[in-house]
Amino acid sequence: MARQMTGAKMVVQALRDQGVDTVFGYPGGAVLPIYDEIFQQNDIQHILVRHEQAAIHAAEGYARSTGKPGVALVTSGPGATNAVTGLTDALLDSIPIIVLSGQVPTFMIGTDAFQEADTVGITRPCTKHNWLVKETSDLPQILHRAFHVATTGRPGPVLIDIPKDVQFATANYSDAPKKSSYRYNPPVKGDQDAITALVTALETAKKPIFYTGGGVINSGPAASQLLRELVEATGAPITSTLMGLGAYPASGDKWLGMLGMHGLYEANMAMHDCDLMICVGARFDDRITGRIDAFSPHSLKAHIDIDPSSINKIIHIDIPIVGDVAHVLEDMLRIWKARGRKMNREAVAKWWAQINEWQAVNCLNYKDDSKVIKPQYALQRLEALTKGMDRYVTTEVGQHQMWAAQYLNFEDPHRWMTSGGLGTMGYGFPASIGVQMAHRDALVINVAGEASWLMNMQEMGTAMQFNLPVKQFILNNERLGMVRQWQELLHGERYSQSWSQALPDFVKLAEAFGAKGIICSDPADLDDAIMDMIKHDGPVIFDCLVEKHENCFPMIPSGAAHNKMLMGDVSTKDAIKEGGAVLV
């Protein structure tokens, strides 16, 4: 039923109709009519961030931890340009968010008006789609289409730029059309012949492996369940990208851990030596493949992905299957069962014997120290003390991010939020705010480095204002850790600008915001300090002083093959001098 209302009221009504309960944003002149409408209703809660980049990351955290689209609201000009980093982050990691930006009135567009920017032009490369609304009568359908585009096919960010006069003007509001009426409806069912070819290859494979990514999680809970059933039934090993952690449980006996640049030795070796690689919802990015011409040279490769542009983009694929992960896995499992559940069990048993030898290397082993907290130890204790809790983890970007992926275990999807493709320092803190808003009673921990955390430290104000008990677990090595590591290994130990100097007292900083601050430097005190952080019912900044020069291993050096890893128990300097990586 058509109803007359202003453009600003249409925005709020469309959000309500789409089931939105939370919006992250920051007001400004070009978006004040929408803020006025938000003030006059109680169905949607607005979370006032302290920077627009944080609004986008918070919406990402909300989306990734719920499976629902996140929503952010920013003003024109600098408000919109501050959102660009978050939009790019969401695009690379396939996160469904809707960003609403104010714009100067239509008659002023192109005049270099105050706080005017070509938002649509600026954000075109970093959104799945964007719109500049010129007529209020067009606004309802654009709003509904935005949610459809963001969540259909490969998820991603969209942006709607709404001039101020469009917000003030009135027109008829129309409800969301049926999904089938949209022109954009990518196919979700995979080609049955291709799926049958994959099943045939799986039946005879001697060394199969499942290589999974964030697409499994994006596909929904059914995809993770089907993946688990298929892995258990076939007995094939499974590994995952950084983005896919939790789709298969870390406690599962088929789990090899994360693969890639800082992935586990056994996962990378199995990927290299397999004869059938089944890629499910991943994209063969450079962090995984290492040197392209040396990537798993003798394997038959299948790729299941909703996005056809991802297939054959980097690695040649023998069995391409375009479709939604859940639909394809369902068909794959059905066909495999119908054909008699056949596997080359004897060969797969030998394959597991080889994998067990690689696992025996214990690539995450490190030299512990009773006098200083090793970052690996800090995360091992965090894992042990929070295991079994209703826990969500976000991270910033750097060494701490990789250690978190290595030492924290995830049993379910939507529990791990990190910036994968863009590697955005400053992501984790606002993302943890978004997660906590979606899961008010859960334990939400942001694993951070001191340098990354400072990039959006202002969000302590948001956490305090809305009483969000997010825990900031900072591994403080007083260094830009990953930068310093690369400078040690590749740049002759010339540590150019990689020292974090003039750091704040994080305990006093927490107290300045009215939060709790904790500092710990002694391994003997760590457990008690972590429990103090967990039990506190408000926001906490935990300053964990760790070994300053610890390196993150295993590591595939840039330009090396993915089975040529630097390990913690070899001379990394000698390895680099020899022209690349050392294989243990």
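Residues numbered from 1 in each chain as written. Predicted model: local features only at pLDDT ≥ 70, side-chain atom pairs only at ≥ 80, totals over all residues. Heavy atoms only, no water.

Asker: For the UniProt feature "domain: Thiamine pyrophosphate enzyme central" (unreviewed entry) in the protein chain, give the residues involved together with the corresponding values.
Answerer: Mapped onto this structure's residue numbering, the UniProt feature "domain: Thiamine pyrophosphate enzyme central" (unreviewed entry) falls at residues 195-331. Across residues 195-331, helical content stands at 36% and strand content at 20%; the span's end C-alpha atoms are separated by 7 Å. (UniProt positions renumbered as here; feature names shortened; annotations may be inferred. Helix = DSSP H or I, 4+ residues; strand = E, 2+ residues; numbered from the N terminus.)

Asker: Now, about the side chain of histidine 400: what can you tell me, with residues and values included?
Answerer: Locating histidine 400 in the fold gives a position in helix α17 (residues 399-407). A relative accessible area of 5% means that histidine 400 is categorised as buried. Of note is the side chain of histidine 400, whose polar atom sits 3.3 Å from the backbone nitrogen of glycine 449. Apart from the residues lying within four places of it in its own chain, the contact partners of histidine 400 are Leu379, Val447, Ala448, Gly449, Ser452 and Leu475. (Buried < 20%, exposed > 50% of the residue type's maximum accessible area, 1.4 Å probe, protein only. Polar contact = N/O pair within 3.5 Å; in protein donor to acceptor, adjacent residues only side chain to side chain. Contact = heavy atoms within 4.5 Å.)

Asker: Talk me through the confidence of the model for the protein chain; I want residue IDs and the actual numbers.
Answerer: On average, residues of the protein chain carry a pLDDT of 95, and 97% of them reach 70 or more. Note that pLDDT drops below 50 for residues 574-584; the model gives that stretch 26 contacts with residues more than four away or on any other chain. (pLDDT = per-residue confidence, 0-100.)

Asker: Explain the sheet that holds strand β11 (residues 255-258) to me, using residue names and the numbers behind them.
Answerer: Whenever strands of a sheet pair, they do so through backbone hydrogen bonds, lying parallel or antiparallel. Taking strand neighbours across the sheet as the criterion, the six strands line up as β11-β10-β9-β12-β13-β14 in an open arrangement whose pairing is parallel. The open sheet is flanked by β11 and β14 (319-322), the only strands paired with a single partner. Neighbour-to-neighbour, the strand axes of this sheet turn through a mean angle of 15°, independent of strand direction. Of the pairings in the sheet, the one linking strand β13 (residues 300-305) to β14 comprises four bridges and is parallel in character. Looking at the pairing, isoleucine 304 lines up with isoleucine 321 of β14. Along the sheet, helix α9 (residues 192-204) makes contact with β9 (208-212), β12 (276-280), β13 and β14, crossing β14 at roughly 135°. (Pairing = 2+ DSSP bridges. Axes fitted to C-alpha atoms, helices over the stretch in contact; angles between N-to-C directions.)

Asker: Explain the nonpolar core residue by residue, including any values.
Answerer: In terms of nonpolar packing, the biggest core is built from 105 residues, with Phe210, Met332, Leu379, Phe473 and Phe542 touching the most fellow members. Residue-level mapping places this core at the junction of two domains, with at least three residues from each of domain 2 (192-360) and domain 3 (375-545). By size, the runner-up hydrophobic cluster in this structure holds 43 residues, among which are Ala63, Met417, Ala431 and Ile433. (Core = buried A, V, L, I, M, F, W, Y, C linked by side-chain atoms within 4.5 Å. Domains from an automatic or database assignment.)

Asker: Describe the packing of helix α3 (residues 52-66) against helix α5 (residues 84-93), naming the residues involved and giving the relevant values.
Answerer: Look at α3 against α5: their axes get within 7 Å of each other, and the N-to-C directions meet at 25°. It follows from the interaxial angle that α3 and α5 lie roughly parallel. Residues Gln53, Ile56, His57, Glu60 and Arg64 of α3 pack against Thr85, Gly86, Leu87, Asp89, Ala90 and Asp93 of α5. Considered class by class, the residues forming the contact of α3 with α5 number three nonpolar, four polar and four charged. (Parallel < 35°, antiparallel > 145°, perpendicular 65-115°, else oblique. Nonpolar A, V, L, I, M, F, W, Y, C, P; charged D, E, K, R; others polar.)

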